[in-house]
Every structure is written in structure tokens, then in C-alpha cells.
Amino acid sequence: MKIREMLDTLQLNKILDKGGETHHQLFTPWGERIAQERTETVLTEYPRPQMARKNYKILNGFWKYAITGDDTRPVLWDGEIRVPFSPETSLSGVNRQLKPDEYLWYERKLEIDRIPAGKRLLLNFGACDERCRVYVNDELAGTHSGGYQAFALDITSCIQTGKNTLRLCVQDKSDTSYHGRGKQMLKNGGMFYTAQSGLWQTVWCEWVPEVYIRRLRITPDYDHDRVVIEVVSNKESGEKAASDSDKAALFGTEACCKTEDSTEIPCKVLLFEKDQVAGETKTVVTAEEKAVITMEISDKRSWTPEDPFLYELRIVYGEDMVESYFGMRCFTAEPDRDGIPRLCLNHRPYFQKGVLDQGYYPESLLTPVSDEAMIFDIKTAKSRGFNMIRKHCKIEPMRWYYHCDRLGMLVWQDMINGGTTYNLVKTCYIPTVLFPLRRKRDNDYAYMSRADRNGREEWKKECIETVEQLYNCTSICMWVLFNEGWGQFDAKENTELVRSVDNTRLIDAHSGWFDQGAGDVKSEHIYFFDLIAKKSGKPYVISEFGGISLAVEGHTYSDRYFGYGSHSDTAALQDAYSAFERRIEELKREGLCASVYTQLTDIEEETNGIMTYDRSVLKL
């Protein structure tokens, strides 16, 4: 019966012609307010708490847009789009799918009263899916590739006092190419969702000095009661600058000018504990070298989900100043007193009870509707007894991680999967039942939809960008490189690649199956069989299970439902979930170190969330 049930369920997941299927437009409470008020002021909070500045301007709101058949700048515009919501979403006001052979254009004015002497203007993008060119006053300011990673451009040489014109040209191949796409598909269905494109995270600009902080790297050294702060400037040696003539060659880096001399820059770091100065360190470096500052943390207070204490930092670098924070914690895999490998937080065995979270919203897809919406999801997960969220096939806005840091929620962060069209029969359905196939070697690139070398190199580039972008997030304890063989390749080599950039976190190299012996955990998905805890030389984790379904009338996206076993009412659903809970408690004693329940919310046809898609009904 288990195999028959599995095959029946997987049949529902095939991407089929939906014919006349009806989709219901749902709204979360926060999205409904935006839609009703037609408000322009959306997501107005400073978007990067891990490196915050005071002097900034949020550029969200209504922009002009046009969808064209080629990349020639449009003469006529199709109308207005509410940034940062993709054109495929309801809140954008467009409700139109961008096709792979089309181009999405944006335009808005930027008023600049004056250009301060000795200052530069950075134009920041939280994310733009998938590739874009950025123009300022008809001059190419830079380009970027990668639909989930943040990027910034120095547009100082392009601007003028008075009115300035910002313009973007975007193209998105979605699932027709090897680029990173997560769970997006042009023809959605089952466990794959509506593809989206263009600007989907906050856009903002900020004034900085001629020499400014380009990147911070904050490493809590838990065992030695100290924190190491690395400050990288825009002039650091080895960072290739771009002149006006070669800006077109920019690939996700800031356009900056090489310094003419080795000016010495004073750098001061202030440590705050409960708003009181707890330490201060000063140094002097040249603009071309990285400033490395070590600060002792006396009588340290450990960060845990139960006590998510954060230290605050103020970094003054020459004329630039940013604020940040960190938590004192460490993540390791160690044997317990019985010799069983365990996941440890601050060197103590700590069971990670997780929930899968894909971060979709009915009115805005991948874009969180508001700060309050992000906080609601995290708090709801915590109130249901979860201390960990597996962020699945998506990179959230930086504020989401900040809320996990301050509210106390561990995070497993997935990398963005890519590759050409997946053969789900080979990579998902058969390995679910035939366990020997889970040992398939991942250097068979064609089998894993990774035959294109450019796609493999692009994944590595975006993987490292992701690790660097999220490095300072206290709550992230695990990098998940590949999920169920979707675009998986060379897991051993890629594990070492990530470890060379970040050796402070654990790595799940292959979540689900196709285990190559890499990474720090033995990670399996169990949906159609009894939950077990296998003996392994590594901590054993059930990185996905559950997925039991309940469609709540009036709160479903579609008349088609998908989940792993359906129930007719909340009482039956609760009974099934409680049985899972009891089994997990038993397995903890047998060596289970973490579990990830599928999932936090319903998403489109999937009705297996503990909440409905619109966040209106809590099923459990």
C-alpha cells in the first residue's frame, strides 16, 4: 500500500495541461491592505540590517514598465508596476507572465538636489530575476546575472543635479535554461510554482564617502571569547575597478575607481551590549588593505533560540560608518556521551526541530508582503515548537534573516538549484522507493541535468556569492547545497569549495538522496515509509518528512490539491501530525539529530502547510 499510495500522490505532481482550471486570488492580511489602499510606500524599512547606513532613500513604489519583444528601449510604456513586486504578481498591478524570449523594462525618475563633494552614490538591488542591464541617464551603469543575489552599482559618474532617469532591462529564461531558478516553472503545478521575473526585492540608494566599506565579515570565535571583524573597502587591492568605458563588463560587482595613492584610513569599532559601550578598538590601514580587528568578549552571553542575545557593532571607517550585530554561537558535529554523533550548538547536543519554509505569498510570490508578514511566519513557526527553519530553494531579503537572528530561529539555507529540465522520474520518483539508486554518482552530468559546463560554473559562482552575502547572519547553521538531485553535481568538490569560504557552519551536501559521502550529516527524505534513524558516522537528519494535506475551503489557490496523504478535517490532520511528533521523540533517543516537517504554509496547489497560503487559518 505504501508504494501504491506514493505512486498515486506523485501522479498528481506531474506538470499537466490544466485546461480550464480555476485559480483563486488569495491575499494575506498585509497584502490586502496594500491592494485596497493602492499604497506606494511598501517595504520601507532599511533592507540590510547586517550593514546598515543612515543616509539612504528607498526606491520602491510605482515605476513605468514595458514588456517588449527585443532589447530595444521602448518608446511607449505599458503602464505602471509597483516595485518590488514581480509583474506576475497581483500586487505589482500587472499580472502578466514574462516569457523567455521577452524583455522587461523599468523606468523611474530620481531627484537629486545636490551632489555632495567627496561623496559617491550607490544604487542597491536586493534581487532581480534573472539578468539585467542598468542605465542611468541613458548611460550603462552596470549589469548583473543571478536572480537571487544582491548587488550594488556606483552610479556617481552617471548622475546630475535635478532629475535623473533610472532604467532597467531584464530577461529571465526561467526553467528553459540552466540558470538558477529554485521552484519556479513557467507552467506551474504540484510542487513547482509560478515563475516570476524582474525586481522582487527592495531597491535603494545611499550616499557614501569616496572610500567606503564595501563588505563586512564578522566571525564569532566562540571558543576563544572574541569576535573577528574584517572590513573591506571599495579600494581594496585585488578588486578590479571599472572605468566608464568598461562598465558593460561588470558582473555583479560595484563600479568603483582605483585609488591613486595609499591613503591611510583610521578604523574604529565600538561594541555595544544592551545599548552600553562594552568595548572599543582602533587601527589604521591603507585603503587598499583589509582591516582585521579582533575584540575580546568578556563574560560572553551565548546566542541560542531560547536566548537570542545579540551584540551590536558600530564601525567607523574613515568618513564612512555602518552598524551591524552578531551573536556568540558555534555549530559543530560531536559525539554525545554515548558516542552517538550529534548536532551541537555551543558544543552541547541540540535537537533541531525544523519546518520547511519556501517563503511564497499568494499576492506577491517570492517577495515578502511586508516586514510584519516575515515576522508573523517566523513567530508562528516558533509558537508551534519549531526551533529551526529550512529555507528551501530561496534566498530571503536580509531583513528576514535579521528577524530570525533576533527572535531566535536557527536556519538551514538552501542554495538555489538550477540545471536544464529535470527528469523527475529519475531524480525524484524512483529514488523515493528504490534506495540503491540513491547512491547514483553525481559526475553523470547528463543524468543530473548538468551537462552544460557554463551552468555548473554559474552555480558555483552564485553559491559563493550566497555564502558571502549571508555570512554575517547569526542564525544560519547549515548550508544545503543540493536537493533531491535537482542540478546536483560534484558534491564532494563543491562541499570543499564552500568550506574554503566558510568553515564556521555545517554542510548538508545532498539533501534527500544521491549521497556522495560529502558534507557533515547523513540527510534523507522520508515521505512514504516509516520514519527511522539510521546509524551513521555522521549526525543523522530527516531533512524532509510529513507533507500531509488538508484543503481548507475558501483558502485554496486551485481546485487541484497536492500533498503526501490528504485528510478531511483538522482533527484528522492533528492526529496524523501528533503521530509524527511521537515518532520523532522516539527517534531522538535512537540517534536522530534533526527533523524538517513539510511545510510551513500551503503554496499554490500544495495544501500541506500548517497554515493556509493566505496565512488566515492555522491548521495545527
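What you see is a predicted model; the values in this text were computed from it and never measured. (Residues numbered from 1 in each chain as written. Predicted model: local features only at pLDDT ≥ 70, side-chain atom pairs only at ≥ 80, totals over all residues. Heavy atoms only, no water.)

Colleague: Explain the overall build of the protein to me, please; I cannot follow it from the model alone.
Modeller: Assigned secondary structure in the protein consists of eight helices and 32 strands. Taking 2.2 N^0.38 as the reference for a compact globule, 620 residues should give roughly 25 Å; the C-alpha atoms of the protein span a radius of gyration of 24 Å, in line with that estimate. Along the three orthogonal principal directions, the C-alpha set of the protein runs to about 75 × 60 × 45 Å. Sequence-distant contacts in the protein: of pairs separated by 6 or more residues, those separated by 24 or more amount to 70%. In the structure as shown, the protein presents an accessible area of about 23700 Å², 48% of it carried by carbon and sulfur atoms. Where the 80 positive side-chain charges of the protein centre and where its 95 negative ones centre are 2 Å apart. (Helix = DSSP H or I, 4+ residues; strand = E, 2+ residues; numbered from the N terminus. Rg over C-alpha atoms; globule rule 2.2 N^0.38 Å. Contact = heavy atoms within 4.5 Å. Areas by Shrake-Rupley, 256 points an atom, 1.4 Å probe, with all protein chains shown as cover. Lys, Arg positive; Asp, Glu negative; His and termini not counted. Charge placed at Lys NZ, Arg CZ, Asp CG, Glu CD.)

Colleague: Whenever I open this one, a nonpolar patch on the surface confuses me. Can you help?
Modeller: A surface patch of nonpolar side chains, about 230 Å² in accessible area, is lined by Val425, Ile430 and Leu434. The residue Ile430 is located in helix 5 (residues 424-433) in this model. Ile430 gets classed as partly exposed once you look at its relative accessible area, which sits at 31%. (Patch = residues over 30% accessible without salt bridge, like charges linked within 9 Å, V, L, I, M, F, W, Y side chains within 5 Å. Salt bridge = Lys/Arg side-chain N within 4 Å of Asp/Glu carboxyl O. Buried < 20%, exposed > 50% of the residue type's maximum accessible area, 1.4 Å probe, protein only.)

Colleague: Hey, could you run me through helix 6 (residues 453-470) in this one?
Modeller: In an α-helix, one turn spans 3.6 residues, which is why side chains three or four residues apart end up on the same side. Spanning 18 residues, helix 6 covers 26 Å between terminal C-alpha atoms, matching the ideal 26 Å at 1.5 Å per step. Those residues of helix 6 not exposed but buried are Gly455, Arg456, Glu458, Trp459, Glu462, Cys463, Ile464, Glu465, Thr466, Val467 and Leu470. The secondary structure elements touched by the buried residues of helix 6 are strand 8 (139-145), helix 4 (398-407), strand 27 (410-414), strand 28 (476-480) and helix 7 (491-501). Here helix 6 starts with a cap whose side-chain oxygen sits 2.8 Å from the backbone nitrogen of Asn454, and that cap is Asp452. (Expected span 1.5 Å × (residues − 1). Polar contact = N/O pair within 3.5 Å; in protein donor to acceptor, adjacent residues only side chain to side chain.)

Colleague: I tried to follow the nonpolar core on my own but got confused; where do I start?
Modeller: Soluble globular proteins: nonpolar side chains tend toward being buried together. Of all hydrophobic cores here, the largest spans 71 residues; its most connected members are Trp400, Tyr401, Leu470, Trp479, Leu481, Ile542 and Leu592. With sequence-adjacent residues up to four places away left out, Leu481 is seen in contact with Met415, Trp459, Asn494, Thr495, Val498, Ile507, Asp508 and Ala509. Counting residues in hydrophobic clusters, the runner-up holds 32 residues, among them Leu98, Leu104, Leu153 and Val203. (Core = buried A, V, L, I, M, F, W, Y, C linked by side-chain atoms within 4.5 Å.)

Colleague: Just to check I follow, could you spell out the packing of aromatic side chains for this structure?
Modeller: The geometry of an aromatic ring pair comes down to the distance between the two centres and the angle between the two planes. Within the structure shown, the criterion is met by 25 aromatic pairs. On the numbers, 6.1 Å between centres and 85° between planes, the contact of Trp63 with Tyr106 is edge-to-face. With a gap of 43 residues between them, Trp63 in strand 2 (residues 61-68) and Tyr106 in strand 4 (residues 103-112) connect regions that are remote in the sequence. Considered together, Trp63 and Tyr106 belong to a single accessibility category, that of buried residues. By the ring-pair criterion, three or more aromatic residues cluster together here, those being Tyr527, Phe528, Phe562 and Tyr564. The ring of Trp400 has Lys391 sitting right over it, with the charged end atom 4.3 Å from the ring centre. Stacked on the ring of Tyr447, the Lys or Arg Lys440 has its end atom at 4.5 Å from the ring centre. (Phe/Tyr/Trp six-rings, centres within 6.5 Å; stacked < 30°, edge-to-face > 60°. Lys NZ or Arg CZ within 6 Å of the ring centre and 35° of its normal.)

Colleague: It is not clear to me how the packing of helix 6 against helix 7 should be interpreted in this structure. Could you clarify?
Modeller: Packed helix pairs are specified by the crossing angle of their axes together with the interaxial distance, meaning the distance between the axes. Remark: helix 6 packs on helix 7, axes separated minimally by 10 Å, with the N-to-C direction vectors making an angle of 35°. When you trace helix 6 past helix 7, the crossing you get is right-handed. Residue-level contacts link Trp459, Lys460, Cys463, Ile464, Val467 and Glu468 of helix 6 to Asn494, Leu497, Val498 and Val501 of helix 7. By residue class, the composition of the contact of helix 6 with helix 7 is seven nonpolar, one polar and two charged. (Axes fitted to C-alpha atoms, helices over the stretch in contact; angles between N-to-C directions. Left-handed = near helix turned anticlockwise from the far one by under 90°. Nonpolar A, V, L, I, M, F, W, Y, C, P; charged D, E, K, R; others polar.)

Colleague: Any chance you could explain the sheet that holds strand 27 here in plain terms?
Modeller: Sheet strands associate in pairs through backbone hydrogen bonding, adopting either a parallel or an antiparallel arrangement. Read from one edge of the open sheet, eight strands run 29-28-27-26-25-32-31-30, paired in parallel fashion. Of all strands in the sheet, those with a lone pairing partner are strand 29 (506-508) and strand 30 (522-526), marking the two edges. Averaged over all pairs of adjacent strands, the angle between their axes in this sheet comes to 25°, without regard to strand direction. In this sheet, strand 32 (residues 592-598) lies alongside strand 31 (residues 540-546) in parallel orientation, the contact comprising five bridges. Looking at strand 32, one finds that Tyr540 is bridged to Leu592. (Pairing = 2+ DSSP bridges.)

Colleague: Is there a simple way to think about the sheet that holds strand 21 (residues 320-326) in this case?
Modeller: Pairing within the open sheet is antiparallel, and its four strands lie in the order 18-17-20-21. In this open sheet, the two edge strands, each paired with only one partner strand, are strand 18 (276-286) and strand 21. Strand after strand, the sheet turns through a mean of 15° between neighbouring axes, direction not considered. Here strand 20 (residues 311-317) pairs with strand 21 via seven bridges, running antiparallel. The residue bridging Val316 from the neighbouring strand is Met321, located in strand 21.

Colleague: What am I meant to see in the pattern of salt bridges here?
Modeller: Applying the stated criterion to the full structure yields 42 salt bridges. Of the charged contacts, one joins Asp377 and Arg615 as a salt bridge, the two residues approaching to 2.8 Å between their closest N and O atoms. Of the two residues, Asp377 is situated in helix 3 (residues 371-383) and Arg615 in the segment after strand 32; the sequence distance between them amounts to 238 residues. Of the two residues, Asp377 and Arg615, both sit in the buried class. Salt bridges sharing partners connect three or more residues here, namely Lys64, Arg73, Glu107, Asp138 and Arg167.

Colleague: Honestly, the side chain of Ser233 in this entry has me stumped. Any pointers?
Modeller: Inspection of the secondary structure assignment puts Ser233 in strand 16 (residues 226-233). Reaching out from Ser233, the side chain makes a polar contact with the backbone nitrogen of Lys235 at a distance of 2.9 Å. Here the side chain of Ser233 touches Ala287 through a polar contact of 2.7 Å, landing on its backbone oxygen. Every residue in contact with Ser233, bar those within four places of it in the chain, is listed here: Val211, Tyr212, Ile213, Arg214, Ala287 and Tyr317.

Colleague: Sorry if this is basic, but what is going on with the pairing of strand 30 here?
Modeller: Within a regular beta strand, the side chains point alternately toward one face of the sheet and then the other, so they alternate between its two faces. Counting buried positions over the five residues of strand 30 gives four, a clear majority of the element. Here five bridges tie strand 30 to strand 31, and the two strands are oriented parallel to one another. Note on strand 31: the bridge partner recorded for Glu524 is Ile542.

Colleague: Just checking my understanding: could you explain the pairing of strand 16 for this structure?
Modeller: Counting buried positions over the eight residues of strand 16 gives seven, a clear majority of the element. The antiparallel hairpin formed by strand 15 (residues 213-221) and strand 16 contains four residues in its connecting segment, where Asp225 sits at a positive phi of about 55°. With six bridges joining them, strand 16 and strand 19 (residues 291-296) adopt antiparallel strand pairing. Pairing of Arg226 across the sheet is with Glu296, part of strand 19.

Colleague: Help me understand the packing of helix 3 against helix 4 in this model?
Modeller: Where helix 3 contacts helix 4, the two axes come as close as 10 Å, and the packing angle between them is 40°. For the element pair helix 3 / helix 4, the angle class is oblique. The element helix 3 and its partner helix 4 pack so that their crossing is right-handed. Residues Asp371, Met374, Ile375, Ile378, Lys379 and Lys382 of helix 3 pack against Arg399, Trp400, His403, Cys404, Arg406 and Leu407 of helix 4. (Parallel < 35°, antiparallel > 145°, perpendicular 65-115°, else oblique.)

Fair warning: the whole summary comes from geometry, so function is off the table for now.
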